[in-house]
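# Summary of structural features
Okay, here's what each chain looks like letter by letter:
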Amino acid sequence: MGSPDTLSDEVDARAGRCVTCSDAASWMRVVDVDDARALARCVDDEGRHETVDTGVVGGVRTGDSLLVHAGAALQRRTSGDASRRTE
């Protein structure tokens with residue numbers, strides 16, 4: 001598995017799907033962080049909210065983008081990154 005700042009081998013970001021189970025992985029923006037429980041409240045491009053486990057990527061901040069699969073963040077892009085998505 002890749003480091004927290006690189007895309008896991010198990011997610012094909014171009015297809016947006018996990019190569020193991022074929023579930024969709026999607027980019028979500030962090031709107032609130034609970035560091036004590038390693039959770040973040042996130043929103044997708046369509047306005048849907050989800051609570052996401054951030055234990056793998058750690059250190060998320062409001063405004064960061066997370067690649068989320070099965071309720072867990074697999075990759076983090078900070079709000080200051082020029083390129084926030086892999087398409």
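In the block above lies the structure referred to throughout.
Below or above, wherever it landed, is the structure these notes cover. For clarity, every value in this text was computed on a predicted model and none was experimentally measured.

## As for the pairing of strand β4 (residues 39–43)
- One ladder, built from five bridges, connects strand β3 (residues 26–34) with β4; its direction is antiparallel. Counted as the bridge partner of Asp34 is Leu39 from β4.
- What sits between the antiparallel neighbours β3 and β4 is a turn of four residues, in which Ala38 has the positive phi angle 55 degrees.
- Pairing of β4 with strand β5 (residues 49–53), which is carried by five bridges, proceeds in the antiparallel orientation. Note on β5: the bridge partner recorded for Ala40 is Val52.
- If you look at the hairpin formed by β4 and β5, you'll find five residues sitting between the two strands, and Gly47 has a positive phi there, around 85 degrees.

## A closer look at the environment of Ala72
- Tracing the backbone through its elements, the reader meets Ala72 in strand β7 (residues 72–77).
- Distance in space between the C-alpha atoms of Ala72 and Val56 is 7.8 Å, their sequence separation being 16 residues.
- Look past the residues within four positions of Ala72 in its chain and what remains in contact with it is Val52, Asp53 and Leu67.

## Remarks on the pattern of salt bridges
- Summed over all chains, the structure comprises three salt bridges.
- Two residues, Arg48 and Glu46, come together in a salt bridge whose shortest N-O distance is 3.1 Å.
- Given a relative accessible area of 48%, Arg48 falls into the partly exposed group.
- By relative accessible area, Glu46 is classed as exposed at 61%.
- It is possible to trace a salt-bridge network through shared partners that takes in Asp44, Glu46 and Arg48.

Basis of the calculations
- Residues numbered from 1 in each chain as written.
- Predicted model: local features only at pLDDT ≥ 70, side-chain atom pairs only at ≥ 80, totals over all residues.
- Heavy atoms only, no water.
- Pairing = 2+ DSSP bridges.
- Helix = DSSP H or I, 4+ residues; strand = E, 2+ residues; numbered from the N terminus.
- Contact = heavy atoms within 4.5 Å.
- Salt bridge = Lys/Arg side-chain N within 4 Å of Asp/Glu carboxyl O.
- Buried < 20%, exposed > 50% of the residue type's maximum accessible area, 1.4 Å probe, protein only.

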